[in-house]
Amino acid sequence: MSEVKIAATLRSEFGKGAARKIRRDAKVPGVLYGHGSDPVHVTLPAHELQMALRTPNVLLSLDIEGRNELAIPKAAQRDPLKGFLEHVDLLLVKRGEKVTVEVPVTAEGELAAGGNLLEHVLGTLSVEAEATRLPEAVTVSVEGLEAGASVLAQDIALPAGVTLVTEGDAVVLQVLAAQAEEPAAEGETEAAEGAEA
């Protein structure tokens with residue numbers, strides 16, 4: 001679990017015009033909420049925030065004008081064409097507090113011979129963990145799995161202190177048999193060749 005320190009400033013101007021001005025200054029508007037407190041509107045440095053958000057479930061240590069807060073990203077809105085951050089929602093957390101997050105699932109290993117295909121039915125698992133010890137991802141070994149095999153959520157080993165929230169019987173990965181193309185019947189091939197001539 002990585003913790004990234006970012007300096008933030010409080011913001012008092014709202015609306016599209018104010019948000020555009022913030023983005024022109026290479027910053028991102030955001031809202032910090034949680035623990036029953038009123039939402040806090042902040043401005044964060046765009047580059048540092050973009051780099052931090054490359055890590056799934058990153059823990060942000062925010063220095064908001066001298067006050068320190070811990071937060072995890074809940075939602076990030078990006079420009080659909082250019083991909084830059086437009087707005088971010090952050091959830092306040094405390095050390096020792098348990099939170100529920102989505103964790104990416106990655107597969108490692110080689111499937112059994114035969115050209116089988118691995119289908120990711122679920123790309124993420126919902127898990128509960130201490131806010132300061134959130135896993136970045138869970139890895140599943142698919143070594144030697146045959147066609148028809150599947151991996152259920154309950155079969156995935158989670159790090160210590162992490163509990164599964166996703167239904168245990170949910171299929172996460174499954175192995176599909178490779179589909180061989182059937183050769184075209186002779187009559188269809190001759191008809192196609194005649195049409196081309």
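Everything numeric in this text was worked out from a predicted model, so none of it was measured. (Residues numbered from 1 in each chain as written. Predicted model: local features only at pLDDT ≥ 70, side-chain atom pairs only at ≥ 80, totals over all residues. Heavy atoms only, no water.)

### Let's talk about the overall build of the protein chain
We apply this condition: Helix and strand assignments follow DSSP, with helices taken as H or I runs no shorter than four residues and strands as E runs no shorter than two, numbered in order from the N terminus. Whether a residue is buried, partly exposed or exposed follows from its accessible area with a 1.4 Å probe, protein chains only, as a fraction of its type maximum: under 20%, in between, or over 50%, in that order. Contacts are assigned to residue pairs with any non-hydrogen atoms lying within 4.5 Å of each other. Only the protein chains shown count as covering a residue, and every accessible area follows the Shrake-Rupley method with a 1.4 Å probe.
On a plain count of helices and strands, the protein chain comes out with three helices and 13 strands. By the burial criterion, 33% of the 197 residues in the protein chain qualify as buried. Of all intrachain contacts in the protein chain linking residues separated by at least 6 positions in sequence, the fraction that spans at least 24 positions is 65%. Put simply, the protein chain shows about 11800 Å² of open surface, and 50% of that area lies on carbon and sulfur atoms.

### Quick notes on the environment of Glu 143
Which entries qualify depends on this criterion: Contacts described as polar in this section are N or O atom pairs within 3.5 Å, which, within protein, must combine one atom able to donate a hydrogen with one able to accept it, while residues neighboring in sequence count only if both atoms come from side chains.
Note that Glu 143 resides in the loop between β10 (138-141) and β11 (150-152). On the basis of relative accessibility, which here comes to 51%, the residue Glu 143 falls in the exposed class. Sequence separation of Glu 143 and Gly 109 is 34 residues, and the distance between their C-alpha atoms is 4.5 Å. When near neighbours in sequence (up to four residues on either side) are disregarded, Glu 143 contacts Glu 108, Gly 109 and Glu 110. Of note is the side chain of Glu 143, whose polar atom sits 3.1 Å from the backbone nitrogen of Glu 110.

### Overview of the sheet that holds β11
The condition that has to hold: At least two DSSP bridges between two strands are needed for those strands to be called paired. The axes used here are C-alpha line fits, helices contributing only the stretch in contact, and every angle between their N-to-C directions lies in the interval 0 to 180 degrees.
An order of β8-β13-β11 is seen for the three strands of this open sheet, with the pairing classed as antiparallel. The open sheet terminates on both sides in strands that have one partner only, identified here as β8 (117-120) and β11. Averaged over all neighbouring strand pairs, the angle between strand axes comes to 15°, with direction disregarded.

### Focus: helix α1 (residues 16-24)
Just so we agree on the cut-off: It is the directions from the helix axis to the C-beta atoms that the arc portrays.
Considered for burial, the residues of α1 that qualify are Ala 18, Ala 19 and Ile 22. The buried side chains of α1 occupy one side of the element, clustering within an arc of 100° when seen end-on. Of the residues in α1, the exposed ones pointing more than 90 degrees away from the buried face are Lys 16 and Arg 24. Residues of α1 that are buried make contact with β2 (27-34) and β3 (37-45). Ala 26 lies just past α1 and shows a positive phi near 60°.

### Describing the pairing of strand β13 (residues 171-176)
Bridge analysis of β8 against β13 gives four bridges, and the strand direction is antiparallel. Looking at the pairing, Glu 119 lines up with Gln 174 of β13. The sheet contact formed by β11 and β13 spans three bridges and is antiparallel. Bridging from a neighbouring strand, Leu 152 pairs with Val 171 of β13.

### Observations regarding the pairing of strand β9 (residues 124-130)
In the sheet, strand β7 (residues 98-108) pairs with β9 via seven bridges, with the strands oriented antiparallel. Bridge pairing in β9 links Lys 98 to Glu 130. The pairing of β9 with strand β12 (residues 163-164) spans two bridges and is classified as antiparallel. Along β12, the bridge assignment pairs Glu 128 with Thr 163.

### Structural notes on the nonpolar core
Quick reminder of the rule: We call a set of buried residues a nonpolar core when its members are Ala, Val, Leu, Ile, Met, Phe, Trp, Tyr or Cys and they connect through side-chain atoms within 4.5 Å of each other.
The biggest cluster of nonpolar side chains holds 23 residues, and the ones touching the most others in it are Ile 72, Val 93, Val 99, Val 101, Leu 125, Ile 156 and Val 172. Within the residue set of this core, elements represented by two or more residues are β5 (67-78), β6 (85-93), β7, β9, β10 and β13. Examining the composition of this core, we find that four residues originate from one element, β7, more than from any other. In contact with Val 101, other than residues within four places in its own chain, are Asn 57, Ile 72, Leu 125, Ser 126, Val 127 and Leu 134. Counting residues in hydrophobic clusters, the runner-up holds 20 residues, among them Val 28, Leu 53, Leu 90 and Leu 92.

By themselves, these observations are geometric and do not establish any function.
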